[in-house]
Amino acid sequence: MSAKIGFVSLGCPKALVDSEKIMARLKAAGYEFAAGYQEADLVVVNTCGFIEPAIEESLEAIGEALRENGRVIVTGCLGARPEVIRANHPGVLDVSGPAEVERVLEAVARVAPPERDPFTDLIPPQVRLTPRHYAYLKVAEGCDHKCSFCIIPQLRGRLHSRDAAEVLAEAERLVAGGARELLVIAQDTSAYGVDLGHRPSEWRGRQVPARLTELVRELGGLAPWVRLHYVYPYPHVSELLPLMASGRLLPYLDVPLQHASPRVLRAMRRPGGAESHLQTIRAWRAEVPDLAIRSSFIVGFPSETEEDFELLLDFLKEARLDHVGVFTYSPVAGAAANELPGAVPEEVKAERQSRLMELAQRLSLERNRALVGRVLEVILDEPADEPGVFIGRSRADSPGIDGTVRVRSDGTARVGEIVRVRVTAADVYDLEGEALLG
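Criteria and cut-off values
- Residues numbered from 1 in each chain as written.
- Predicted model: local features only at pLDDT ≥ 70, side-chain atom pairs only at ≥ 80, totals over all residues.
- Heavy atoms only, no water.
- Pairing = 2+ DSSP bridges.
- Helix = DSSP H or I, 4+ residues; strand = E, 2+ residues; numbered from the N terminus.
- Contact = heavy atoms within 4.5 Å.
- Axes fitted to C-alpha atoms, helices over the stretch in contact; angles between N-to-C directions.
- Parallel < 35°, antiparallel > 145°, perpendicular 65-115°, else oblique.
- Nonpolar A, V, L, I, M, F, W, Y, C, P; charged D, E, K, R; others polar.
- Buried < 20%, exposed > 50% of the residue type's maximum accessible area, 1.4 Å probe, protein only.
- Salt bridge = Lys/Arg side-chain N within 4 Å of Asp/Glu carboxyl O.

Visitor: Sorry, what's going on with the sheet that holds strand 2 (residues 32-33) here?
Guide: Strand pairs in the sheet, formed through backbone hydrogen bonds, run parallel or antiparallel to each other. On the basis of which strands lie adjacent, the open sheet formed by 5 strands has the order 2-1-3-4-5 and parallel pairing. The open sheet has two edge strands with one neighbour each: strand 2 and strand 5 (94-95). Summarising the sheet, strand 3 (residues 42-47) and strand 4 (residues 72-76) pair through 5 bridges and their orientation is parallel. Its bridge partner being in strand 4, Val43 is matched across the sheet by Val72. Strands in contact with helix 2 (residues 52-68) are strand 1 (4-9), strand 3 and strand 4; relative to strand 3, the strand with the most contacts, it is inclined by about 180 degrees.

Here is the structure:
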């Protein structure tokens, strides 16, 4: 019998892709996967180590795996700090950092050597942790930014992009396997290919540069929906707008702005401020009026004043972003921001987070109510709790982080289909609607 591996995957979509690669390699090596701790011969925990709550969640997951199973291998972002893991859980069998696939395979093989089967060894590996109809496509690893609150470059290294031909070949396999939506991710997707000098590679008999615009143009010819995440607002992002207008790219951008106060952004080692952000957003929406913009913000950053926070509120009222995530500042071991003066009290952080979220929710409700009566394209993600009803997403919604659309259908629709839906009701985050025939 092949050894069974339990797998726990934590963190962002980039870590999810790492988990898929590790699991695919394990499957190719002859391992099976267990549904629970008790059935597993050992457990692999892919951790997150970005902020303190994520570190705590990872350590709790490792502890649970040790209690329930006893044989645990740890990898991922927190694995780049093995001293933290071993200080809390000295019983783990091996610790490796993010994307260290070979190290994980070696550790698993030491604990539970694989059984080879000449009949199954030739089966191409494919493990997906997302539904069949959408998939994350990682185009680069690492980051060259030096944000004072972040240690991603320490955990995952500097920017390391994949050649366009390699990305496109993977995208083609994903689409052939049923993916109708490709979610393009990297730590800084806008910087894709900079480290390669945008060198071209051959795909389908032509040379495609490792550059975001050209890559997206090709991806748009493979899948009905292509969605971009973690897009820094560089000037060349404007080149993507015609692709959105033509339908080759979804009119959706996930832009990590972090704040609107120029003073706070300088302390974060981030560019821009409220006015420059607004100018960029106005220019984008002038060309693509239905552009949906998601962003995240940090409140309570060291030395953030009430005036800085009010500027952030004013910015959000003006920008009217479609989706907003708000986080309180959390110190991260090794981050430069830890040395900054002017720590904001925890109760002030919480109060500011609440105020910003209240504003974001009010704006979201206004936006959603304005959609009632409109017809939207919706991808059906899963059946709902009653016959003929599905939970789906509009083009403005990314899975797991944005809103949903509850769709009533005539019964012929299927999960993974993209259907036209007339919106009939709306709340703060989600919509309801009726699928249109034909």
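Don't stop here, the text continues.
Visitor: Would you mind going over the packing of helix 10 (residues 274-287) against helix 11 (residues 306-319) with me for this structure?
Guide: A pair of packed helices is captured by two measures, namely the crossing angle of their axes and the spacing between those axes. In contact at an axis separation of 11 Å, helix 10 and helix 11 are set at 10 degrees when each is read in the N-to-C sense. The angle between helix 10 and helix 11 places the two elements in the roughly parallel class. Here Ala274, His277, Leu278, Ile281, Arg282 and Arg285 of helix 10 lie close against helix 11, whose contacting residues are Leu311, Phe315, Glu318 and Ala319. Of the residues contributing to the contact of helix 10 with helix 11, the split by class is 6 nonpolar, 1 polar and 3 charged.

Visitor: What exactly am I supposed to notice about the environment of Tyr192 here?
Guide: Within the secondary structure layout, Tyr192 lies in the loop between strand 9 (181-185) and strand 10 (200-203). Judged by relative accessible area, which is 1%, Tyr192 ranks as buried. When the C-alpha atoms of Tyr192 and Val231 are compared, they prove to be 10.0 Å apart, with 39 residues separating the residues in sequence. Among residues more than four places away in sequence, those in contact with Tyr192 are Val139, Ser161, Arg162, Asp163, Ala164, Val167, His198, Ala210, Arg211, Leu212 and Leu215.

Visitor: Help me out: how do you make sense of the pattern of salt bridges in this one?
Guide: Once the charged atoms of two side chains with opposite charge are near each other, the side chains can pair. In this structure the tally under the stated criterion is 36 salt bridges. Two residues, Glu141 and Arg156, come together in a salt bridge whose shortest N-O distance is 3.0 Å. Residue Glu141 is found in strand 7 (residues 140-141), and its partner Arg156 is found in helix 5 (residues 152-156); the two are separated by 15 residues along the sequence. Arg156 shares its class with Glu141; the two are buried. Close ionic contact of Glu239 with Arg211 constitutes a salt bridge, the shortest N to O distance being 2.9 Å. Taken together, the residues Glu239 in the loop between strand 12 (225-228) and helix 8 (241-245) and Arg211 in the loop between strand 11 (206-209) and helix 7 (212-219) connect sequence positions 28 residues apart. Its relative accessible area of 23% is what places Arg211 among the partly exposed residues. Overlapping salt bridges, with partners in common, bring together Glu304, Glu306, Glu310, Glu351, Arg352 and Arg355 in one network.

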